[in-house]
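Below, each chain spelled out in residue letters.
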Amino acid sequence: MSLIRCPECGKEISSKASSCPNCGYPVSQNQATTANEFNGVYRYSFWGSKTQVHCPRCGSENCSHYQDQKIIPAKTKTKYSANLNPLRPFTLLNKKEKVVRKEQIITENKFLCNSCGKIFN
């Protein structure tokens, strides 16, 4: 016995059930065997095993890959000091800038539900 999705409401039901207990849609045995085919995207784990991706909001398997880019701005440290140089009498302050962190672009791989538009990991 395995769980299949109801073609009408999308809830998981038993493959041996004659109808969906949620909406009452009649499920034949031919639909139960073909309903196990998955047409969506897969998530791969660290060990190489793959799992099916379903939307956490609507439960749809109509998902696609999505890349989100974040830009982390550069950070500088500015230091001002008084000018004590007699050869530069009109310069009151010396300004020194030091780069603490360079600008970075981070790309995150996420999933996008094509049915409801939710972006999730």
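Please read all numbers here as calculations on a predicted model, not as lab measurements. Sequence positions are assigned chain by chain, starting from 1 and proceeding in written order. For this predicted model, a pLDDT threshold of at least 70 governs which residues receive local features, and a threshold of 80 or more governs which side-chain atom pairs are given and counted, while totals over whole chains, interfaces and linings are taken from all residues. Values shown for side chains rest on all heavy atoms present in the structure; no hydrogens or waters enter the calculation.

**Structural notes on the overall build of the protein**
Looking only at helices and strands, the protein has one helix and nine strands in total. Helix and strand assignments come from DSSP, with helices taken as H or I runs of at least 4 residues and strands as E runs of at least 2, each series counted from the N terminus. In sequence order, the protein lays out its α and β elements as β-β-α-β-β-β-β-β-β-β. Whereas a compact globule of 121 residues would reach a radius of gyration of roughly 14 Å, the protein reaches 29 Å, over 25% beyond that. With the C-alpha coordinates of the protein rotated into their principal frame, the extents come out at 95 × 30 × 15 Å. For every accessible area listed, the method is Shrake-Rupley and the probe measures 1.4 Å; residues are considered covered only by the protein chains on display. When the accessible surface of the protein is split by element, carbon and sulfur atoms take 51% of a total near 9,700 Å². As a reference, a globule follows 2.2 Å times the number of residues to the power 0.38, and the radius of gyration itself is taken over C-alpha atoms.

**Side note on the sheet that holds strand E5 (residues 63-72)**
A strand pair is defined by DSSP finding two or more bridges across the two strands. With antiparallel pairing, the three strands of this open sheet are ordered in space as E5-E8-E9. Unpaired on one side and paired on the other, E5 and strand E9 (119-120) mark the two borders of the sheet. In the sheet, strand E8 (residues 104-113) pairs with E9 via two bridges, with the strands oriented antiparallel. From the neighbouring strand, Leu112 faces E9, where its bridge partner is Ile119.

**Here's the deal with the pairing of E8**
As judged from the ten bridges shared by E5 and E8, these two strands associate in the antiparallel manner. Each bridged residue has a counterpart across the sheet, and for Cys63 the counterpart in E8 is Cys113.

**Focus on the pattern of salt bridges**
In the sections that follow, a salt bridge refers to a side-chain nitrogen of Lys or Arg positioned within 4 Å of a carboxyl oxygen of Asp or Glu. Counted by the stated rule, this structure contains five salt bridges. For Glu12, the salt bridge is made with Arg5, and the minimal N-O distance between the two is 3.9 Å. Lys110 is the partner of Asp68 in a salt bridge, and the nearest nitrogen-oxygen pair spans 3.7 Å. In this pair, Asp68 is assigned in strand E5 and Lys110 in strand E8, connecting sequence segments 42 residues apart. A network of salt bridges, in which partner residues are shared, links Asp68, Lys70, Glu108 and Lys110.

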